[in-house]
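# Fold and geometry: a report
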Amino acid sequence: MKTWVRFNFGGKEGFGTLEGDTISIHRGNMFEQPEPTGEKVKLAEVKLLTPCVPSKMILLWNNFHSLAAKLNVEEPTEPLYLLKPGTAFIADGETVKKPNSYDGKVVYEGELGIVIGKRCKEVSEADAPNFIFGYTCSNDVTAGEIIQKDPTFAQWTRAKGFDTFGSFGPGIVTDIDPNKLSVKTYLNGTERQNYPVSDMIFTPYKLVSMISHDMTLQPGDIISCGTSIGVGSMKPGSTVEVVIDGVGRLVNQYE
């Protein structure tokens, strides 16, 4: 198991593996046999960036048995998803900003993110793990009141696509069983979400397989697996932490 991070150090971007408070710098491509340089840097000396640069982030809706039951909606027979633009992505420690064009509620959604490791098209569920590089924490921030604002068109992309509304990180953890993980979300230090990944309707491997039959997944792409019970709104000045033991702790403030 390794934790991969991207960072800025002295005005230059780099990447490597994080062990404790030390990053072992690598060269090459994170997804294609990167080589250690032998150089090391302290975590406190760098600014963490998003751990990868996705060509797209895919986000699931209604992917947990518990949430479907609470909302009294039918469980889907295939994944329900949308895309979030790259301009929404921010790293651990950066600020989620209130949109100037929207005054309604903004909600947090703590989620597990799957990070694709190599080009993936029409793969089987059994083969899907071979295309997964690792896992990260994701906060699918949403301007909730926009979604159903227009009765003729559900505005999922606009509601979830504002700048800074796609926080993920701090790193990518490899060689871990996602089905044994639990996702916790804290708002100003108070636990608001705590749910097992095993409650998913479509498991991580099934998601990769089924979505890869719709569109090609590229190295660094993220599938944010959807959220469960406990979603709530944030007020400016709030701090949200998405914690997945064994994966990491993603912390962002909302302003």
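Notes on the structure in this doc start here. Since the structure is predicted, the reported quantities are computational estimates derived from the model, not experimental observations. Along every chain, residues carry numbers that run from 1 in the direction the sequence is written. In view of the model being predicted, local features appear only for residues whose pLDDT reaches at least 70, and side-chain atom pairs are presented and counted only at 80 or more, with totals across whole chains, interfaces and linings using the full set of residues. Hydrogens and waters are ignored; side-chain quantities use all the structure's heavy atoms.

### Here we look at the environment of G230
- By the element assignment, G230 lies in the loop between strand 17 (222-224) and strand 18 (232-234).
- When the C-alpha positions of G230 and T50 are compared, they lie 25 Å apart, and in sequence the two are 180 residues distant.
- Residue contacts follow a heavy-atom distance rule, with two residues in contact if any of their heavy atoms lie within 4.5 Å. When near neighbours in sequence (up to four residues on either side) are disregarded, G230 contacts Y108, R192 and Q193. Only DSSP runs of H or I reaching four residues or more are called helices, and only runs of E reaching two or more are called strands; each is numbered from the N terminus.

### Things to note about the layout of surface pockets
- Site definitions follow a grid-based scheme: protein atoms alone, a 1 Å grid, a 1.4 Å probe that fits but cannot get out for cavities, and for pockets an open set with protein on both sides within 12 Å along at least five of seven lines, plus lining residues having an atom within 4 Å of a point. Grid points are joined across faces, edges and corners, and a volume is the space filled by probe spheres set on the points. The volume enclosed by the largest pocket comes to roughly 370 Å³.
- Taken together, 22 residues form the lining of the largest pocket, with W61, L67, E109, T227 and V231 sitting closest to its centre.
- Sort the elements by how many residues they give to the lining of the largest pocket and helix 1 (residues 65-71) lands first, with three residues.
- Classifying every residue of the lining of the largest pocket gives 10 nonpolar, seven polar and five charged. Under the convention adopted here, Pro, Cys and the residues Ala, Val, Leu, Ile, Met, Phe, Trp and Tyr are nonpolar, Asp, Glu, Lys and Arg are charged, and Gly plus all remaining residues are polar.

### Looking at a nonpolar patch on the surface
- Taken together, the side chains of W61, L71, V73 and L80 present a nonpolar region at the surface, about 310 Å² in accessible area.
- When you line up the elements, W61 lands in strand 6 (residues 57-61).
- Residue W61 is classed as partly exposed on the basis of its relative accessible area of 34%. A patch consists of residues exposed above 30% relative accessible area that lack any salt bridge, with like charges linked at up to 9 Å and nonpolar side chains (Val, Leu, Ile, Met, Phe, Trp, Tyr) linked at up to 5 Å. Accessible areas in this description were obtained via Shrake-Rupley with a 1.4 Å probe; residue shielding takes into account the shown protein chains only. Within this document, salt bridges are pairs made up of a side-chain nitrogen of Lys or Arg and a carboxyl oxygen of Asp or Glu, the two lying within 4 Å of each other. For the exposure calls, accessible area comes from a 1.4 Å probe over protein chains only, and a residue counts as buried if that area is under 20% of its type's maximum, exposed if over 50%, partly exposed in between.

### Considerations on the sheet that holds strand 13 (residues 142-143)
- By this definition, two strands are paired if DSSP reports at least two bridges between them. Strands sit in the order 13-10-18 across an open sheet of three strands; the sheet is antiparallel. Looking at the sheet topology across the chains shown, the edges are occupied by strand 13 and strand 18.
- When strand 10 (residues 106-108) meets strand 13, the two strands line up antiparallel, connected through two bridges. Looking at the pairing, V106 lines up with A143 of strand 13.

### Examining the sheet that holds strand 9 (residues 95-96)
- Spatial ordering of the open sheet is given by 9-20-19-15-16, a layout of five strands whose pairing is mixed. What marks the edges here is a single partner per strand, and that holds for strand 9 and strand 16 (190-196).

### Some details on the side chain of N62
- By the secondary structure assignment, N62 is in the loop between strand 6 and helix 1.
- Counted as a polar contact is a pair of N or O atoms within 3.5 Å, where, for protein atoms, one must be capable of donating a hydrogen and the other of accepting one, and residues adjacent in sequence contribute only when both atoms are in side chains. In terms of polar contacts, N62 uses its side chain to reach the backbone carbonyl oxygen of E74, at 3.1 Å.
- Here N62 is in contact with A68, V73, E74, E75, P76 and I201, once residues within four sequence places are set aside.

### Quick look at the packing of aromatic side chains
- Pairing of aromatic side chains here covers Phe, Tyr and the six-membered ring of Trp, requires ring centres within 6.5 Å, and sorts the geometry by plane angle: under 30 degrees stacked, over 60 edge-to-face, intermediate tilted. Summed over the entire model, instances satisfying the criterion amount to eight aromatic pairs.
- By the ring-pair criterion, three or more aromatic residues cluster together here, those being W4, F15, F31 and F133.
- Charge-over-ring contacts are defined here by two conditions on Lys NZ or Arg CZ: a distance within 6 Å of the ring centre and an angle within 35 degrees of the ring normal. Over the face of the ring belonging to F131 we find K118, whose NZ or CZ atom lies 5.0 Å from the ring centre.

### Regarding the pattern of salt bridges
- Per the stated rule, a full pass over the model turns up 11 salt bridges.
- Across the pair K160 and E109 runs a salt bridge, and its minimum N-O distance is 3.2 Å. Placement of the pair is K160 in helix 2 (residues 156-160) and E109 in the loop between strand 10 and strand 11 (110-116), with a sequence separation of 51 residues. As far as burial versus exposure is concerned, K160 and E109 are alike and both buried.
- Two residues, R249 and E241, come together in a salt bridge whose shortest N-O distance is 2.6 Å.
- With relative accessibility at 43%, the residue R249 sits in the partly exposed group.

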